[in-house]
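Okay, here's what each chain looks like letter by letter:
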Amino acid sequence: MTYTTAIFYFFAAILVFAGLRVITARNPVHAALFLVLAFFTAAGLWMLLEAEFLAITLVLVYVGAVMVLFLFVVMMLDINLDRLREGFWDYLPIAGFVSVLLMIEMALILGSRHFGLEVMGTPAPRAADYSNTKALGRLLYTDYVYAFELAAVILLVAIVAAIALTLRRRKDSKYIDPAEQVKVKRNDRLRIVKMQSTPKRGTGEGGA
Amino acid sequence: MENMGMDWDAIQTVVWTLVKIVVLVVPLMLGVAYLTYAERKIIGWMQVRIGPNRVGFQGLLQPIADAVKLLMKEIIIPSGANKGLFILGPILVIAPALAAWAVIPFTDTLVLANINAGLLYVMAITSMGVYGVIIAGWASNSKYAFLGAMRSAAQIVSYEIAMGFALVGVLMAAQSLNLIDIVQGQAGGAHHWYFIPLFPLFLVYLIAGVAETNRAPFDVAEGESEIVAGFHVEYSGMAFAVFFLAEYANMILVATLTALMFLGGWLSPVTLLPDGIVWLLLKTGFVLFLFLWFRATFPRYRYDQIMRLGWKVFIPITIVWIAVVGGMMQTPYGYLFH
């Protein structure tokens, strides 16, 4: 067993363990943290496949941003596990159907004669100065530019839709406009009232 | 037998790498210790005080005394805390703060791991630091700690975007993600450094760096006057000290990255003088001084102001400047942006 294979089995074991804990952990925050571990380990596996750009982006996007927001929400929610478990038997048929479908899909790829190791062969390892990022960028912006731009537009539409669905403008809500604040001049806020320091003789209320 | 040989090679690589890590981390920890001393001295001078001056000559042994004191203290784990995660919190804060140093080059050749996607690696690893803060705040099972963690999470996620976009400008100018290539792209004197063509991005990166490290004036996550000490209010002894080590290690990291990407790294400002690690240390020191200066000068931002600055000011600035750099590269004046 070479060093690389040993690392692979080490990472794979952690990944399977973390994946199992995501669905078995009773505490939702623990489950979310195990999902973070699963993502991070998967990134390690991708690194072994020389896909350094994908591996680092997985950490950057999913671990660094998506899961932070996920954790944020899970921590704020008051999740009652007993109520979540109530519908277990009702959902079982659908869940079973989905998992059977997943297994069939996996078997098609992993077990078939067309994608097996003897057919595909091991790709030759690249030289150390080969830039995965550059190669991926070149492919995305030349060969697959239409698909890439299409995906970008769909994401943009999704962003706009999400904002449009949740944006509610209340007329009575108050907010600060910094531009207005900066524009304010002294005369808008301050009025100097000239008063005599001593009351005039004879006119004062309580005088003499 | 051949496999045995490969294993022996692997073991040798691991041991040699461990030695290099120690050689990197020990000076870093010393730097952290004396950065706290520098901070107290400099802010003391700015506020017409003396600062620490009792332990050792001019108070030079003060960081050592502080470290010993913290080591001797008991680590208290609150009875309502989630014990495992409570201990994991500080570890997850310090680990990324140290791991990011793996790809930082100090000269052309002095680097632990010279990888192609160095800049991406730094961004990915530093984005992990927020987990320690969130976990520490949540596992403490305390309102103040939780509030601090929530504030910190929102702030770090917001400023990471602006920071990432600022780095996109740098990699466009350098046309590489490799940190050594980025520095070498700035060769030829101070007027070739990227802070001139990328000046808006330089400012955004510097300020977002202050916010990322939760330093004043963006220190709402700690906010002593509102939420006591924020996410680490329940920590004591070394567990508390680890948060501080991480904060200062992150400060040095951001300062070093600023020096590498915008101020020419180890390159000397005039071509007559030789390049060397001294220049990098000087530039890093200058940026660190700015950090301390900010803290002594500015009052803490209000929370909505922080969010506005991050989302409505910095992100638009970076996007506009990326478009400007991209557009200018297509014109005859493109050489100005390389």
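Each value, and the rule that gives it
- Residues numbered from 1 in each chain as written.
- Chains lettered and ligands numbered in written order.
- Predicted model: local features only at pLDDT ≥ 70, side-chain atom pairs only at ≥ 80, totals over all residues.
- Heavy atoms only, no water.
- Helix = DSSP H or I, 4+ residues; strand = E, 2+ residues; numbered from the N terminus.
- Rg over C-alpha atoms; globule rule 2.2 N^0.38 Å.
- Buried < 20%, exposed > 50% of the residue type's maximum accessible area, 1.4 Å probe, protein only.
- Lys, Arg positive; Asp, Glu negative; His and termini not counted.
- Charge placed at Lys NZ, Arg CZ, Asp CG, Glu CD.
- Axes fitted to C-alpha atoms, helices over the stretch in contact; angles between N-to-C directions.
- Parallel < 35°, antiparallel > 145°, perpendicular 65-115°, else oblique.
- Left-handed = near helix turned anticlockwise from the far one by under 90°.
- Contact = heavy atoms within 4.5 Å.
- Nonpolar A, V, L, I, M, F, W, Y, C, P; charged D, E, K, R; others polar.
- Expected span 1.5 Å × (residues − 1).
- Polar contact = N/O pair within 3.5 Å; in protein donor to acceptor, adjacent residues only side chain to side chain.
- Phe/Tyr/Trp six-rings, centres within 6.5 Å; stacked < 30°, edge-to-face > 60°.
- Bend = angle between axes of the 7 residues up to and from the residue.
- Salt bridge = Lys/Arg side-chain N within 4 Å of Asp/Glu carboxyl O.

Undergrad: What's the story with the overall build of chain A in this structure? I'm lost.
TA: Looking only at helices and strands, chain A features 10 helices and 0 strands. Element order for chain A, N to C, with α for helix and β for strand: α-α-α-α-α-α-α-α-α-α. Here the C-alpha radius of gyration of chain A, 31 Å, is well above what a compact globule of 208 residues would show, namely 17 Å. With the principal axes as the frame, chain A shows a C-alpha extent of 115 × 50 × 35 Å. Classification of the 208 residues of chain A by burial places 16% in the buried group. Each charge class in chain A was averaged separately, 21 positive and 16 negative side chains, and the resulting centres sit 17 Å apart.

Undergrad: Would you take a moment to explain the packing of helix α1 (residues 3-24) of chain A against helix α2 (residues 28-48) of chain A for this structure?
TA: Axes are the key here: two packed helices are described by the angle between their axes and the distance separating the axes. Residues and elements named next belong to chain A. Viewed as axis vectors pointing N to C, α1 and α2 meet at an angle of 155 degrees, and their least axial separation amounts to 8 Å. Between α1 and α2, the angle is such that the two are roughly antiparallel. In this structure, α1 meets α2 at a crossing whose hand is left-handed. On the side of α1, the interface is formed by Thr4, Ile7, Phe8, Phe11, Ala12, Ile14, Leu15, Phe17, Ala18, Arg21 and Val22, while α2 contributes Ala31, Phe34, Leu35, Leu37, Ala38, Thr41, Ala42, Gly44, Leu45 and Leu48. Of the residues in the contact of α1 with α2, the class split is 17 nonpolar, 3 polar and 1 charged.

Undergrad: What's the story with α2 of chain A in this structure? I'm lost.
TA: Because an α-helix completes one turn every 3.6 residues, residues spaced three or four positions apart along the sequence face the same direction. Residue and element names in this part refer to chain A. Taking 1.5 Å per residue, 21 residues should reach 30 Å; α2 reaches 30 Å between its end C-alpha atoms and fits that length. When we look at burial in α2, the residues that qualify are Val29, Ala31, Ala32, Leu33, Val36, Ala38, Thr41, Ala42, Ala43, Gly44 and Leu45. The N-cap residue of α2 is asparagine 27: its side-chain oxygen and the backbone nitrogen of valine 29 are 3.0 Å apart. Directly beyond the C-terminal end of α2, a positive phi value near 65 degrees is found at glutamate 50.

Undergrad: What exactly am I supposed to notice about the packing of aromatic side chains here?
TA: The relation between two aromatic rings is expressed through the spacing of the ring centres and the mutual angle of the planes. All names here are of chain B. A full pass over the atoms with the stated rule returns 20 aromatic pairs over all chains. Seen in terms of ring centroids, phenylalanine 195 and phenylalanine 202 are 5.9 Å apart; in terms of plane orientation they differ by 55 degrees. Their pairing is tilted. Given a relative accessible area of 23%, phenylalanine 195 falls into the partly exposed group. The class of phenylalanine 202 is buried, set by a relative accessible area of 11%. An angle of 55 degrees between the planes, with centres 5.4 Å apart, marks the rings of phenylalanine 202 and phenylalanine 262 as tilted.

Undergrad: Hey, could you run me through helix α3 (residues 83-99) of chain B in this one?
TA: Along its 17 residues, α3 of chain B runs 25 Å from first to last C-alpha, staying within 8% of the 24 Å computed at 1.5 Å per residue. In the structure, α3 of chain B departs most strongly from a straight axis at glycine 89 of chain B, where the bend amounts to approximately 25 degrees and where the proline proline 90 of chain B lies between one and four residues downstream. Within the sequence span of α3 of chain B, burial applies to Leu85, Phe86, Gly89, Pro90, Val93, Ile94, Pro96 and Ala97 of chain B. Close packing links the buried residues of α3 of chain B with α2 of chain A together with α4 (118-126), α5 (129-139) and α10 (237-262) of chain B.

Undergrad: Just checking my understanding: could you explain the pattern of salt bridges for this structure?
TA: Residues and elements named next belong to chain B. In this structure the tally under the stated criterion is 7 salt bridges over all chains. Between aspartate 66 and arginine 40 there is a salt bridge, with the nearest N and O atoms lying 3.0 Å from each other. Pair noted here: aspartate 66 is in helix α2 (residues 62-72) and arginine 40 is in helix α1 (residues 2-46), with a separation of 26 residues, a long-range link. Arginine 215 is paired through a salt bridge with glutamate 247; the nearest N and O atoms lie 3.3 Å apart. Placement of the pair is arginine 215 in the loop between α8 (199-212) and α9 (224-227) and glutamate 247 in helix α10, with a sequence separation of 32 residues. The exposure class of arginine 215 is buried, given its relative accessible area of 2%. Owing to a relative accessible area of 12%, glutamate 247 belongs among the buried residues under this scheme. One continuous salt-bridge network, built from bridges that share partners, spans Glu39, Arg215, Glu247 and Arg295.

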